[in-house]
Amino acid sequence: MTGRARAMWTEPLAAVLLLLPVASPAQQPSAPHASPTNPAPMHDMPGMSEHAMVMPIPMPAGMPMMPGLVGLAPGVTPFLPGAGLDLARLPAAKASAVVRLKNGDTLDLTATLVRRAIAGHAFAMYGYNGEVPGPLIRVPRNATIVVRFHNRIDLPSAVHWHGVRLDNRSDGAPGVTQEPVAPGADFIYRIHFPDAGIYWYHPHVREDVEQAMGLYGAMLVDSPDSDYYPPANRDAVLMLGDLLVNADSLIPFGREGPDFALMGRVGNVLLVNGEPDYALHVRRGEVVRFQLVNVSSSRTWNVSFGGAPMKLLAGDQSRFEREERVMSVVLAPAERYVVEVRFDRAGRVPLVNAVQAINHYQGEFVPEVDTLGMVTVDAAPVAPDYGRAFSTLGAHPDVSRDIDRYRGYFDRPPDKRLTLALATTALPLATVQFMSIDTAYYAPVEWVDGMPDMNWLSTSKQVRWVLRDDVTGKENMDIDWHVSAGSVVKLRIFNDPTSFHPMQHPIHLHGQRMLVVARDGVPSTNLVWKDTALIPVGATVDLLIDASNPGAWMLHCHIAEHLGSGMMAVLHVDPPAQGSGR
Amino acid sequence: MRLALAAAVLLAAAPLPAAHSGSTLSDAAGPYDIALFSTPTAPAARGHARLVYAPSPFGVAVTADGRARYDVQITASALPAPSTLGAFSSYVAWEVTPDLSRWTRLGVVAKGTSTVGPAELNKFLLVITAEADSMPAAHAGPTVLHGTSPSGWLQSFLTHPLFRGVAP
């Protein structure tokens, strides 16, 4: 946590804890057997037991484990990749390399165990082609490439090409488009890139484990138009992630399913491109085009560059209709934004994530500022100087013209309605009681986890996050939506604030594109094509889906633990009937 | 120990949003609503407000340091003409720190629903005053309506010196 300027939280609410009964220990499942594809669980290792977790969960300063929760452990078997292996025998992870591919090219992508050193400690983690992040795949728009995926890790896996409107068979959604790729097995993906912009790839099996352990990479799709973006002196891809560690150990995952199921696993070490200390050297006046990707399981970021002027260019799948000045960029999990930043003064400019945490014990807001890295600006001026272009806010009539075809649908009644909710069973009583008390204020976005011990105890056995069809009452995978390819679907999503533990949800739709046309009834005035939309607590968001790509497509929350706790459905985009002319 | 128990009872007894919607905050419907209360200056006045995200290209609107930015939709009724209260011409909404030390003008409140803002404090009082000018440099006229942002529900008596072992 380099450069962390975290405010201290003091005086825990011991008073309330006195009223909470001590819950009985959670029941533990029987231990699975170890095998080449089913690695030894943690209790087979010295110092680890499934019944007595020796590793306390890191808490915010001044907020100790609640007495009513002491002695409890999540009802899952602790699991860490490569546990018990000799770290020295694992290859050291390499930095991400740029792989430029053209139409028809093939890439071999292999998931393996790697050794990574983070904050002075070595861990067994995952990488694609030995790299963290995985290779930066750079392709021209409209290229089609083949990726031969080789799974050489200790869990089944699959690769999802996030945001790409590709052929359904290559979407990498196990249970919907393919079977999981078993350890030792291979799978071939054929990926077509119809839209310019920044995309990313990640596993769609136990995302909470595999993605957090390093399996993610970016894809840059270049427009044939050299003026697609305003001029910049350089491009920089920043993949923002986090990792949950305690002293010199990773916090284990649940073998049978996710733990941290309520809020998601919010890490306490913040990473840019897999590393805790981002560094960039630029010249005075330099304009850097940052392509930001949120690869964390649960964290929503609010990043800025020490007040340096920033211009927002693009979102998930397209440019905005108009460029905008912004002071910071908010990214929910899986979202992408493209911004230009001009560093017009020599010196050091911090890249920070700044949020307002809530101290639930004290009923106070707590500023929390994490320095993710530093941009060092040399005194020597840059050439060429793009200052004049940077000071201009461009408009993109081609984006507006594309969207014009859909504006007639903006005000019509929704075709589909979803409510986001939560169902729980058998949570520790102390958790239930504290959370019942803790409903005085619904935070629209929970930026940090102020109660990680309680969160850790919630598993996908006890927590079921819900997408509920308002019309049929069906939930999650029971939802049976079919629309015709070429149709335009208005989906209204309401995030019910009266749920037991309401939380924001970044809702992601595979294989299509969509517009956020209104939030709480207020129309959007600067549109951008998206594949992931943040739905804050209490919000009603209207999405307009351009359902043009046939197939069975996942619709789910991109908080990995929410996905692992059931928060997903399938939208079937049926191909046009024979003879329809489409 | 006695203080700690008292604190717990206070917190446990704190009103919850569900209770608000049906009782004291009868005009408020959701977790981002503010019930407005009248003062003796205009006892018949009624009103409520709703916080909606200020325009933003992102899913939420926040400041660079992470505070939520809201537009405030204020619906007021039975407000007398400002001139009947004195030398006033307008009603103005203010975002006020809970200790009343800082007042930020949000905008003019007219008949029906007015959208003012953005409000950018974590916790704030929403105060509507009668003013001589629609763009006053500082608040000067009487208060006619007031309410507390929902985030104010977090206010805990545990931060009071009484519960910190400090003499009041």
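Rules behind the numbers
- Residues numbered from 1 in each chain as written.
- Chains lettered and ligands numbered in written order.
- Predicted model: local features only at pLDDT ≥ 70, side-chain atom pairs only at ≥ 80, totals over all residues.
- Heavy atoms only, no water.
- Helix = DSSP H or I, 4+ residues; strand = E, 2+ residues; numbered from the N terminus.
- Buried < 20%, exposed > 50% of the residue type's maximum accessible area, 1.4 Å probe, protein only.
- Pairing = 2+ DSSP bridges.
- Axes fitted to C-alpha atoms, helices over the stretch in contact; angles between N-to-C directions.
- pLDDT = per-residue confidence, 0-100.
- Contact = heavy atoms within 4.5 Å.
- Salt bridge = Lys/Arg side-chain N within 4 Å of Asp/Glu carboxyl O.

1. A short note on unusual backbone geometry
Moving on, step 1. Residue A:Ala383 is joined to A:Pro384 through a cis peptide bond whose omega torsion reads -5°.
Moving on, step 2. Checked against the element boundaries, A:Pro384 lands in the loop between β25 (364–381) and α3 (387–390).
Moving on, step 3. A cis amide bond links B:Gly117 to the next residue, B:Pro118, at an omega of 5°.
Moving on, step 4. Within the secondary structure, B:Pro118 sits in strand β6 (residues 112–119).
Moving on, step 5. Unusually for a residue other than glycine, A:Asn273 sits at a positive phi of about 55°.
Moving on, step 6. Along the polypeptide, A:Asn273 turns up in the loop between β16 (269–272) and β17 (278–284).
Moving on, step 7. Residue A:Asn273 is classed as partly exposed on the basis of its relative accessible area, which comes to 21%.
Moving on, step 8. Even without being a glycine, A:Ala334 presents a positive backbone phi close to 85°.

2. A word on the sheet that holds strand β9 (residues 186–192) of chain A
Residue and element names in this part refer to chain A.
Moving on, step 1. Read from one edge to the other, the open sheet built from 4 strands follows the order β5-β4-β7-β9, with strand pairing classed as mixed. Edge strands, defined here as strands with exactly one partner in the open sheet, are β5 (121–128) and β9. On average, each strand axis in the sheet is tilted by 25° relative to the strand beside it, whichever way the strands run.

3. Quick notes on the confidence of the model for chain B
Residues and elements named next belong to chain B.
Moving on, step 1. Looking at chain B as a whole, its pLDDT mean stands at 81, while 74% of the residues score no less than 70.
Moving on, step 2. Contacts for the low-pLDDT stretch residues 1–28, under 50 throughout, to residues beyond four places or in other chains number 38 contacts.
Moving on, step 3. In the predicted complex, the global pTM is 0.89; the interface-specific ipTM is 0.86.

4. Section: the pattern of salt bridges
Residue and element names in this part refer to chain A.
Moving on, step 1. Applying the stated rule across the entire model yields 34 salt bridges over all chains.
Moving on, step 2. Between Asp316 and Arg336 there is a salt bridge, with the nearest N and O atoms lying 3.7 Å from each other. Of this pair, Asp316 sits in the loop between β20 (310–314) and β21 (319–326) while Arg336 is found in strand β23 (residues 336–343), placing the two residues 20 residues apart along the sequence. Of the two residues, Asp316 and Arg336, neither departs from the other in class, the shared state being buried.
Moving on, step 3. In this structure, Lys530 engages Glu335 in a salt bridge whose closest nitrogen and oxygen atoms are separated by 2.6 Å. With a gap of 195 residues between them, Lys530 in the loop between β32 (522–523) and β33 (532–535) and Glu335 in the loop between β22 (329–331) and β23 connect regions that are remote in the sequence. Neither residue differs from the other here; Lys530 and Glu335 are each classed as buried.
Moving on, step 4. Within the structure, one salt-bridge network assembled from shared partners comprises Arg165, Asp195, Asp402, Arg405, Arg513 and Asp546.

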